[in-house]
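The residues making up each chain are set out below.
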Amino acid sequence: MGAEKKYTNAWRQRTGRSEGAALTGLALSGGGIRSAVFCLGVLQALAKHDLLKRFDYLSTVSGGGYIGSSLTWFTSRTKTPYGVGPGSFPYGVDDPKNPSPLLGYLRRHGSYLAPGGGMQALPGIAVVLRGLVLNLLLLWLPIATVLFIGLRGVYGWLSHVAASHGHGQLEPWMFPAAVALIFIVLALLYSLYAGVQALRKDDTPYGIRQGFESIAPCILWPLVGLGVLASLPYIHGLVGQEVRKEGVAGAVMTIGGAAMGLWARFVPKGDAAGKAMAWLGPIGASLLLYGIGLMGYALSVHWFPHDRLIFTDPRLVWPIIVLLACLILGYVADLNEITLHRFYRDRLMEAFMPDDDFVNSGRTAGWGRKASDADPSRLHEMCDAADPKGHITSSTLILCSRTSTSDDFRSLRCSR
């Protein structure tokens, strides 16, 4: 607290204020680009009347953080003349019909994900497809294929043992049926016990009731999983020979599921559309996962026919190599760098923290280096600014890494 007080007093001395006055803060709330625009107007009004310098702290969240971070960025740079007064505010305080270059740039980049419209939307689509390729074709499909080869190997071995003992051929439906039978027997035993207790005018003990409710999910989840897996051979057998061989049916189902999921995620939702979108996403995800399983099963059948014991086939080494390669790729690849996380961050950075030369060029789009100065900068570097006002940013940080995936609420303070 002592260092922070010293830091605040230095800011007050620069703005001509006494050290003993109460601390003041300005809070900019969230709401996306609309909040950023509204908060920009508030900051312009305060700067126009030379009141912005009277705040010791700036607290921002979400959309308010867009413009708040932009202000902190421009006022922290020593090579620019920006400040918080009426003559130095980065976005200007005069008539909006004659905006400052930076305000004009922000207007042109208000749709920051696709600032140029039209063809500028393609980079975002390419990033989404890149993530899908990594997750589906390079990771989950090979893993699913190796998984089904292992399951088919176990199934083929059990079928071979059953046939050698004269018990006939095993069928895929028998496995979920066996689990379902366990649940039925357990339910009957519970019902009989509860009935006997009722005849005795006694309640079923609490521990028995809780025990059934605890054990039942451990049976039902395997039942659902085995049911889905057992359905794959039958669905695979319903399609034509060439489609079966190439796994086209699973590919079509996967693409359709991905398209439905993307539609539910990105299409604007009105009151009527919201009802459809509520179930469109889960259905799309289910189709995508089932399609991956169907493709994996088709490839495993193509590699290893049913009449061959997989565990004795020397070609089994190739699926193992593929699995190891996928595991290495999944360990090394960083989803924060491959999917929309980095794309979203870059577009915001280019809209609110651009380079001065790009702003003055008047360009609206292109492959130019829009924010090459901001990209390598770190938060602590802004604390050594000529404008040392404390900036507190509240944000939801979604981590996707090899160690964790979690929602982590952080408070970052730009002060020493």
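For the structure given in this document, a descriptive report is provided here. (Residues numbered from 1 in each chain as written. Predicted model: local features only at pLDDT ≥ 70, side-chain atom pairs only at ≥ 80, totals over all residues. Heavy atoms only, no water.)

1. Structural notes on the packing of helix H6 (residues 174–199) against helix H7 (residues 206–238)
Thought 1: Two numbers describe how H6 lies on H7: the axes approach to 8 Å, and their chain directions differ by 160°. With respect to H7, the element H6 is oriented roughly antiparallel. Here H6 and H7 pass one another in a crossing that is left-handed. Contacts from Phe175, Pro176, Val179, Ala180, Ile182, Phe183, Leu186, Ala187, Tyr190 and Tyr193 of H6 reach H7 at Ile208, Arg209, Phe212, Ile215, Ala216, Ile219, Leu220, Leu223, Leu226, Gly227 and Ala230.
Thought 2: In terms of residue class, the contact of H6 with H7 is built from 19 nonpolar, one polar and one charged. (Axes fitted to C-alpha atoms, helices over the stretch in contact; angles between N-to-C directions. Helix = DSSP H or I, 4+ residues; strand = E, 2+ residues; numbered from the N terminus. Parallel < 35°, antiparallel > 145°, perpendicular 65-115°, else oblique. Left-handed = near helix turned anticlockwise from the far one by under 90°. Contact = heavy atoms within 4.5 Å. Nonpolar A, V, L, I, M, F, W, Y, C, P; charged D, E, K, R; others polar.)

2. Concerning the pairing of strand S2 (residues 57–61)
Thought 1: Sheet topology note: the strand S1 (residues 25–28)/S2 ladder contains four bridges and is parallel. Residue pairing in the sheet places alanine 27 in a bridge with serine 59 of S2.
Thought 2: One crossover worth recording links S1 to the parallel S2 by way of helix H2 (residues 32–48), and it is right-handed. (Pairing = 2+ DSSP bridges. Right-handed = clockwise from strand over helix to strand, strands pointing away.)

3. Details of the pattern of salt bridges
Thought 1: Per the stated rule, a full pass over the model turns up six salt bridges.
Thought 2: For aspartate 50, the salt bridge identified is with lysine 53, shortest N-O distance 3.1 Å.
Thought 3: Residue classification places aspartate 50 among the partly exposed residues on the basis of a relative accessible area of 27%.
Thought 4: Taking the shortest distance from any N to any O, the salt bridge between arginine 345 and aspartate 346 comes out at 3.1 Å.
Thought 5: Taking relative accessible area as the criterion, arginine 345 reaches 30% and is therefore assigned partly exposed. (Salt bridge = Lys/Arg side-chain N within 4 Å of Asp/Glu carboxyl O. Buried < 20%, exposed > 50% of the residue type's maximum accessible area, 1.4 Å probe, protein only.)

4. Notes on a nonpolar patch on the surface
Thought 1: Nonpolar side chains collect at one region of the surface, where Leu181, Ile184, Val185, Leu188, Leu189 and Leu192 lie side by side and expose about 590 Å² of accessible area between them.
Thought 2: Within the secondary structure, valine 185 is located in helix H6. (Patch = residues over 30% accessible without salt bridge, like charges linked within 9 Å, V, L, I, M, F, W, Y side chains within 5 Å. Areas by Shrake-Rupley, 256 points an atom, 1.4 Å probe, with all protein chains shown as cover.)

5. Notes on the nonpolar core
Thought 1: One finds Leu26, Leu43, Leu52, Ile67, Phe89, Tyr91 and Phe352 to be the most contacted residues of the largest nonpolar core, which totals 35 residues.
Thought 2: With six residues, the top contributor of residues to this core is H2.
Thought 3: Sequence-distant contacts of isoleucine 67, defined by excluding residues within four places in its chain, comprise Leu28, Ala36, Cys39, Leu40, Leu43, Tyr91, Leu106 and Phe352.
Thought 4: Formed by 11 residues, the second largest nonpolar core is a distinct cluster that contains Leu136, Phe148, Leu232 and Tyr290. (Core = buried A, V, L, I, M, F, W, Y, C linked by side-chain atoms within 4.5 Å.)

6. Side note on the environment of cysteine 326
Thought 1: Mapped onto the fold, cysteine 326 is located in helix H11 (residues 317–332).
Thought 2: By relative accessible area, cysteine 326 is classed as buried at 4%.
Thought 3: Each C-alpha atom of the pair cysteine 326 and leucine 141 lies 9.5 Å from the other, and the pair is 185 residues apart in sequence.
Thought 4: Setting aside anything within four residues of it in sequence, one finds cysteine 326 in contact with Leu138, Leu139, Pro142 and Ile143.

7. Focus on the packing of aromatic side chains
Thought 1: Scanning the entire structure with this criterion turns up nine aromatic pairs.
Thought 2: Pairing tyrosine 112 with tyrosine 344 gives two aromatic rings, centres 5.9 Å apart and planes at 70°, and the pair type is edge-to-face. Of the two residues, tyrosine 112 sits in the loop between helix H4 (101–108) and helix H5 (122–164) while tyrosine 344 sits in helix H13 (residues 340–352), which places them 232 residues apart along the sequence.
Thought 3: Residue class for tyrosine 112 comes out buried when judged on its relative accessible area of 12%.
Thought 4: Considering the side-chain rings of phenylalanine 148 and tyrosine 297, the 6.4 Å spacing of their centres and the 85° angle between planes classify their relative orientation as edge-to-face. (Phe/Tyr/Trp six-rings, centres within 6.5 Å; stacked < 30°, edge-to-face > 60°.)

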